[in-house]
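Residue-level structural notes
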Amino acid sequence: MQVDLPEKLYYGIGEVAKAFDVNTSLIRFWEKEFDVIKPKKNAKGNRKFTPQDIKNLQLIYHLVKERGFTLEGAKTHLKEGKQKTLDNFEIIQKLERVKAALVKIKEQL
C-alpha cells in the first residue's frame, strides 16, 4: 500500500488513519500490539508519529491486511526477519511505483 503523506517530522493520528483508510482505533490498537510503533506524545497526550513509525505501519498493514497474516504471525515475522521483510516490501513498493508510471505513459500514447 502506498501512503500519500506530505513529508513532515511528525504526523497526527488522524492524518495517519486517513492515509491508511482505517479508524484511529486500529492505529492505537497496532501501537499496543507491535512494539516497533512508538509515537511520541505531546503534553496533551496526542500521538505524533515519525516517518519511521509510518514505515513500520506500512509494513504491518501489508502483512496483516494485504497478505492475511494474523497479528501473532505478523509479530513473529517482524521479529525473525524484519530486515528481509522490510527490504522485500520496499522493493515491492518501488515496483508498484514503476508500474503506475508505465501505465500512465501507456495511457498517454
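Here, residues in each chain are numbered from 1, in the same order as that chain's written sequence. Only residues with pLDDT of at least 70 get local features here, since the model is predicted, and only at 80 or more are side-chain atom pairs given and counted; chain-wide, interface and lining totals rely on the full set of residues. Side-chain metrics in this entry use all non-hydrogen atoms of the structure; hydrogen atoms and water are not considered.

**Regarding the pattern of salt bridges**
Between Lys or Arg on one side and Asp or Glu on the other, a salt bridge is scored when a side-chain nitrogen of the former is within 4 Å of a carboxyl oxygen of the latter. Applying the stated criterion across every chain, the model contains four salt bridges. The residue glutamate 15 makes a salt bridge to lysine 8 at a minimum N-O spacing of 2.7 Å. Relative accessibility thresholds used throughout: buried, under 20% of the residue-type maximum; exposed, over 50%; partly exposed, between the two (1.4 Å probe, protein chains only). When its relative accessible area of 29% is taken as the criterion, glutamate 15 is described as partly exposed. Lysine 8 sits in the partly exposed class, given a relative accessible area of 36%. Notably, a salt bridge pairs lysine 75 with glutamate 33, separated by 2.7 Å at the nearest N-O pair. Taken together, the residues lysine 75 in helix H4 (residues 71-108) and glutamate 33 in helix H2 (residues 24-33) connect sequence positions 42 residues apart. When its relative accessible area of 28% is taken as the criterion, glutamate 33 is described as partly exposed. Salt bridges sharing partners connect three or more residues here, namely Glu33, Glu72 and Lys75. Helix and strand assignments come from DSSP, with helices taken as H or I runs of at least 4 residues and strands as E runs of at least 2, each series counted from the N terminus.

**Topic: the confidence of the model for the protein**
Per-residue confidence from the predictor is given as pLDDT, running between 0 and 100. The share of residues in the protein with pLDDT of 70 or more is 91%, and the mean pLDDT across the chain is 86. The weakest mean pLDDT in the protein belongs to H4 at 82; the strongest belongs to H2 at 94.

**Observations concerning the side chain of histidine 62**
Considering the arrangement of structural elements, one finds histidine 62 in helix H3 (residues 51-66). Residue classification places histidine 62 among the buried positions, given a relative accessible area of 10%. In contact with histidine 62, not counting residues within four places along its chain, are Arg67, Phe89 and Ile92. Any two residues having at least one pair of non-hydrogen atoms within 4.5 Å are treated as being in contact.

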